[in-house]
Amino acid sequence: IITCPSDISTTVGFGETGKVITYDLPIAVDNCGIESLELISGFESGAFFPLGSTMVTYQATDLSGNTTECSFMVEITESGDNENPTISDCPVEVIVETDPENCGAIVNWIEPTASDNSGSVTLTSNFEPGTIFPVGITTVVYTARDAAGNQSTCSFNVIVNDSEIPVITTNGDQNLDAE
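Criteria and cut-off values
Along each chain, the written sequence defines residue order, and numbers are assigned to residues from 1. Reporting of local features is limited, given that this is a predicted model, to residues whose pLDDT is at least 70; pairs of side-chain atoms are given and counted only at 80 or more, and all residues count toward the totals for whole chains, interfaces and linings. Hydrogens are left out, water is left out, and the side-chain values use all remaining heavy atoms of the structure. Each helix is a run of DSSP H or I of at least 4 residues and each strand a run of E of at least 2, with the numbering of both proceeding from the N terminus. Based on C-alpha atoms, the radius of gyration is set beside the globule rule, defined as 2.2 Å times the residue count to the power 0.38. When a residue's accessible area, from a 1.4 Å probe over protein chains only, is under 20% of the maximum for its type it is buried; when over 50% it is exposed; and in between it is partly exposed. We call two residues contacting when some pair of their heavy atoms lies within 4.5 Å. Throughout, the Shrake-Rupley method with a 1.4 Å probe supplies accessible areas, and for residues the shown protein chains are the sole cover considered. Patches draw on residues past 30% relative accessible area with no salt bridge. Two like charges within 9 Å are joined, as are two nonpolar side chains (Val, Leu, Ile, Met, Phe, Trp, Tyr) within 5 Å. Salt bridge, as used here, is a side-chain nitrogen of Lys or Arg placed within 4 Å of a carboxyl oxygen of Asp or Glu. Paired strands are those between which DSSP finds at least two bridges. An axis is simply a line fitted to the C-alpha atoms; with a helix, the fit covers only the stretch in contact. Between two such axes, the angle follows the N-to-C directions and lies from 0 to 180 degrees. Here the aromatic set is Phe, Tyr and Trp, taking the six-membered ring for Trp, and pairing holds for ring centres within 6.5 Å; pairs whose planes are under 30 degrees apart are stacked, those over 60 apart are edge-to-face, and all others are tilted. For this text, the term disulfide refers to a pair of cysteine sulfurs within 2.5 Å.

The subject of this paragraph is the overall build of the protein chain. The number of helices and strands found in the protein chain is 0 helices and 16 strands. Computed over C-alpha atoms, the radius of gyration of the protein chain comes to 36 Å, more than 25% over the 16 Å expected from 2.2 N^0.38 for 179 residues, which places it beyond the range of a compact globule. Taken along its principal axes, the extent of the C-alpha atoms in the protein chain is 140 × 25 × 15 Å. Sorting the 179 residues of the protein chain into buried and exposed places 27% on the buried side. The long-range share in the protein chain, meaning contacts at least 24 apart out of those at least 6 apart in sequence, stands at 57%. For the protein chain, the computed accessible surface area is about 11,400 Å², with 49% contributed by carbon and sulfur atoms.

Attention now moves to a nonpolar patch on the surface. Residues Ile 1, Ile 27 and Val 29 make up a contiguous nonpolar surface patch of about 340 Å² in total accessible area. In this fold, Ile 1 is placed in the segment before strand E1 (2–3). What makes Ile 1 exposed here is its relative accessible area of 70%.

Right, let's get into the sheet that holds strand E16 (residues 151–161). Taken together, 4 strands build an open sheet; the order of strands is E10-E16-E15-E13 and the sheet is mixed. Edge positions in the sheet fall to strand E10 (94–97) and strand E13 (121–125), since each has one partner strand and no second. Within this sheet the neighbouring strands show an average axis-to-axis angle of 20 degrees, counted without direction. With 5 bridges joining them, E13 and strand E15 (residues 136–146) adopt antiparallel strand pairing. What sits directly across from Leu 123, in E15, is Ala 144.

The next point concerns the packing of aromatic side chains. Per the counting criterion, the structure on display carries 7 aromatic pairs. With a centroid separation of 5.1 Å and an interplanar angle of 75 degrees, the aromatic rings of Phe 43 and Phe 49 are classed as edge-to-face. An aromatic cluster of at least three residues, connected via ring pairs, comprises Trp 109, Phe 127, Phe 133, Tyr 142 and Phe 156.

Taken as a whole and judged by the stated rule, the model has 2 disulfides. What pairs with Cys 4 in a disulfide is Cys 70, and their sulfur atoms sit 1.9 Å apart. Its S-S torsion of about 75 degrees marks the bond between Cys 4 and Cys 70 as right-handed, since a negative value means left-handed. Separated by 66 residues along the polypeptide, Cys 4 in the loop between E1 and strand E2 (8–12) and Cys 70 in strand E8 (residues 67–78) bring together distant segments of the chain. An identical accessibility class is assigned to Cys 4 and Cys 70; each is buried. Take the cysteines of the protein chain that form disulfides and number them in order along the sequence; they join up as 1-2, 3-4.

On to the sheet that holds strand E7 (residues 52–62), then. Spatially, E2-E8-E7-E5 is the arrangement adopted by the 4 strands of the open sheet, whose pairing is mixed. Of all strands in the sheet, those bounded by a partner on one side alone are E2 and strand E5 (34–41). Between one strand axis and the next, the sheet turns by 20 degrees as a mean value, whatever way the strands run. Summarising the sheet, E5 and E7 pair through 6 bridges and their orientation is antiparallel. Within E7, the position partnered with Ser 41 by the bridge is Thr 57.

Next comes the structure, spelled out in structure tokens:
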């Protein structure tokens, strides 16, 4: 008679690929004595088990050569991703003057970067470098989003100042007749 331990179920942190699992060896008894207890599939106690299900099977052999087996499952699941992405090098306030003879300016900056524990992140913005901005203050927002829907944002202001002085033009001297 062989008795295996109960099934084992455990969770590892997001991004981990498995876990070291320690379990009690099966208990084997026989009226004439046990010659051997051997692992025939799966991993030994104290080994690294990968994510997913692993069946562990042991076989007991008595002194007469009779055998019997028992099995149990080791289930390792990965916890959900609950960590927000990180945005690095978000620009600080950008201040520019209007482009000559325009009421706005083409504004450029170095875009920030994003990273995430999942290795997959999308970075979007409401404005791109090289956009024409009007006179005044415009807020640029970057949003980093991972596959699990976690997100983070950074923002900065683009300030376009109009310091170009007005120009007065005339049509030259004009003669007007009085009526």
